[in-house]
Amino acid sequence: MRMRTIEITVGLFMLAGILALAFLALKVSGLSADGSQPTYRLYAHYQNTGGLAVRAKVTMAGVAIGRVSAIQLDPKTLTAKVTIDIYKSVNQISDDSVASILTAGLLGEQYIGIVPGASDTMLDGSDKHNEIEQTQSALVLEDLIGKFLFNKATADKPAAP
Amino acid sequence: MAAVEQVRRLGEGTIEALRSLGAAGVILWQAIVMVPRPRTAVPLLVRQLYSVGVLSLVIIAVSGLFIGLVLGLQGYNILKDYGSESALGTFVAKTLVRELGPVVTALLFAGRAGSALTAEIGLMKATEQLASMEMIGVDPLRRIVAPRFWAGVIAMPVLAVIFSAIGVFGGKLIGVDWLGLYSGSYWGNMQSSMVFDKDILNGIIKSVVFGVAVTWIAVFQGYDCEPTSEGISRATTRTVVYSSLAVLGLDFILTAVMFGGF
């Protein structure tokens, strides 16, 4: 085969590799989903974050509006301080919104769902307005089962002689 | 008398093993260090990329597709028992990108391209082409070995990435188009659990390491083989056996370092 043809086929081969890498980066790992959009930063404190992980999504009405960027222990209150980056295009989160940790499906990942409130003061990431006050911790299955068993045990007691 | 003979054989075998290890090291060193003049080297490299990479593309693509299809079917049936078919995308992508992509590509690469490299270089040696090259002042390591080595190292990650991409697509064919999974949950769960620098980059690092190992073994076995037809056939067999073992062993070590958590 002539050298030129070989060079062109090798070029196509390398191009296929680059396209496959782009496919893996964009479609499989969703690299473009964050970072490109400008965000502002909010905080929320939780008693228990369960299995919430950094990079977990933040949704409102089921639509992704941001990502969790850090989870730390607040040394003063001994609660979890979750840092949330919200896209700048979403600026309608009032200061009485509720941010709860939810689970997608039975074995799915945990994410933060924000339910908007009725207040006229919007959170914009400035020092005064950057804290979602009302939060709801993750449901921990073991706690639920424990509570259920405890209730059952106390309910059964009067029946015993 | 027999005991002395045994000891002599043991010593001979050890010295021979040490010698070939040293020779392999010298070849690797010379293939890497000798920076060739770009005017002559680039066409040589392109030609080798063609025979090592482009010609392996079909078998890689077809195997990637079938492995993706099988992963889709098996994963769906297993995950269905736990009511979490929606995790199929994560399952397929993690398996392919982290493990099966680099490893299966390297094994196929050893069989398809590594054996060809060994046989080619071995035959050159048997027909004294290498010796005549030296005679006219052309260094066979620079002219023959180095471009083949680098072509293997470059082609391997490209092939592995193509394998993984086609496999993920095959899993989607089964899960979404055939078994009726919602396509949003296939891609969405995949995207939320795959991390570019952790999963995909580590997969690429793995395939580069495998590329070095497989081509190094193939090139060395060809260069070091006994210059007879029997010697070439033995060297070709050794290439496939050694590189498969090296790939699987290295894969364990790399996985332990990357994902083992220490």
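The structure presented is a predicted model; accordingly, all values stated were derived computationally and were not measured. (Residues numbered from 1 in each chain as written. Chains lettered and ligands numbered in written order. Predicted model: local features only at pLDDT ≥ 70, side-chain atom pairs only at ≥ 80, totals over all residues.)

Undergrad: A description of the overall build of chain B should follow, citing residues and the corresponding values.
TA: Across its full length, chain B holds nine helices and zero strands. Reading chain B from its N terminus to its C terminus gives the helix and strand order α-α-α-α-α-α-α-α-α. If one aligns the C-alpha atoms of chain B with their principal axes, the spans along those axes are about 65 × 55 × 35 Å. Evaluated residue by residue, chain B yields a buried proportion of 44% over its 262 residues. Of the contacts made within chain B by residues no fewer than 6 positions apart, 87% connect residues no fewer than 24 positions apart. (Helix = DSSP H or I, 4+ residues; strand = E, 2+ residues; numbered from the N terminus. Buried ≥ 20, exposed ≤ 12 C-beta atoms within 10 Å, placed from the backbone. Contact = placed C-beta atoms within 7 Å.)

Undergrad: Tell me what's going on with the nonpolar core, and back it up with residues and numbers.
TA: In terms of nonpolar packing, the biggest core is built from 70 residues, with Leu159(B), Ile162(B), Val214(B) and Val219(B) touching the most fellow members. Going through the elements one at a time, α1 (3-28) of chain A together with α2 (38-52), α3 (57-80), α4 (88-126), α6 (140-178), α7 (183-193), α8 (196-224) and α9 (229-259) of chain B are the ones with two or more residues in this core. Broken down by element, this core gets its largest block of residues, 20 residues, from α6(B). Not counting chain neighbours up to four residues away, the residues in contact with Ile162(B) comprise Ala16(A), Gly17(A), Ala20(A), Ile60(B), Ala61(B) and Gly64(B). (Core = buried A, V, L, I, M, F, W, Y, C linked by C-beta atoms within 7 Å.)

Undergrad: Pulling in residues and values, what's your account of the interface of chain A and chain B?
TA: Between chain A and chain B, the contact holds 25 residues from the first and 31 residues from the second. The leading source of residues in the side of chain A that touches chain B is α1(A), at 16 residues. Looking at side-chain class alone, the side of chain A that touches chain B contains 16 nonpolar, five polar and four charged residues. (Nonpolar A, V, L, I, M, F, W, Y, C, P; charged D, E, K, R; others polar.)

Undergrad: Please give an account of the pairing of strand β5 (residues 98-103) of chain A that cites residues and values.
TA: Residue and element names in this part refer to chain A. For β5 and strand β6 (residues 110-115), the ladder comprises six bridges, and the chain directions are antiparallel. Across the sheet, residue Leu-102 finds its bridge partner in β6, namely Tyr-111. Both β5 and strand β8 (residues 134-136) contribute to a ladder of three bridges, which runs parallel. Its bridge partner lying in β8, Ser-100 is registered against Gln-136. (Pairing = 2+ DSSP bridges.)

Undergrad: Can you break down the domain arrangement of chain A residue by residue, with the values?
TA: Taken domain by domain, chain A holds domain 1 (1-33) and domain 2 (34-146). The C-alpha centroid of domain 2 of chain A is placed 39 Å from the C-alpha centroid of domain 1 of chain A. (Domains from an automatic or database assignment.)

Undergrad: Can you lay out the environment of Ser207(B) for me, pointing to particular residues and giving the numbers?
TA: All names here are of chain B. With respect to the helices and strands, the residue Ser-207 is situated in helix α8. Residues Ser-207 and Ala-119 lie 88 residues apart in sequence; the distance between their C-alpha atoms is 23 Å. If we ignore the near neighbours within four places in the chain, the residues touching Ser-207 are Pro-102, Thr-105, Ala-106, Met-156, Pro-157 and Ala-160.

Undergrad: Tell me about the sheet that holds strand β1 (residues 39-46) of chain A, and name the residues and values.
TA: Residues and elements named next belong to chain A. In space, the eight strands of this open sheet follow the order β7-β1-β4-β3-β2-β6-β5-β8, with mixed pairing throughout. Each of the sheet's edge strands pairs with one partner strand only, and the pair in question is β7 (131-132) and β8. Pairing of strand β2 (residues 57-60) with strand β3 (residues 63-74) involves four bridges; the strand directions are antiparallel. Bridge pairing links Thr-59 to Ala-64 in β3.

Undergrad: Provide a residue-level description of the environment of Thr59(A), including the pertinent values.
TA: All names here are of chain A. The topology assignment puts Thr-59 in strand β2. Classification of Thr-59 by C-beta neighbours within 10 Å gives partly exposed; the count is 16. Taking the C-alpha atoms as reference points, Thr-59 and Ala-20, separated by 39 residues in sequence, lie 30 Å from one another. Beyond its immediate chain neighbours, meaning those up to four positions away, Thr-59 contacts Ala-64, Ile-65, Tyr-111 and Gly-113.

Undergrad: Please provide a residue-by-residue account of the pairing of β2(A), values included.
TA: All names here are of chain A. Counting the residues that bridge the hairpin from β2 to β3 gives two residues, and of these Ala-61 lies at a positive phi of roughly 55°. In the sheet, β2 pairs with β6 via two bridges, with the strands oriented parallel. Among the inter-strand pairings, Val-58 is bridged to a residue of β6, identified as Ile-112.

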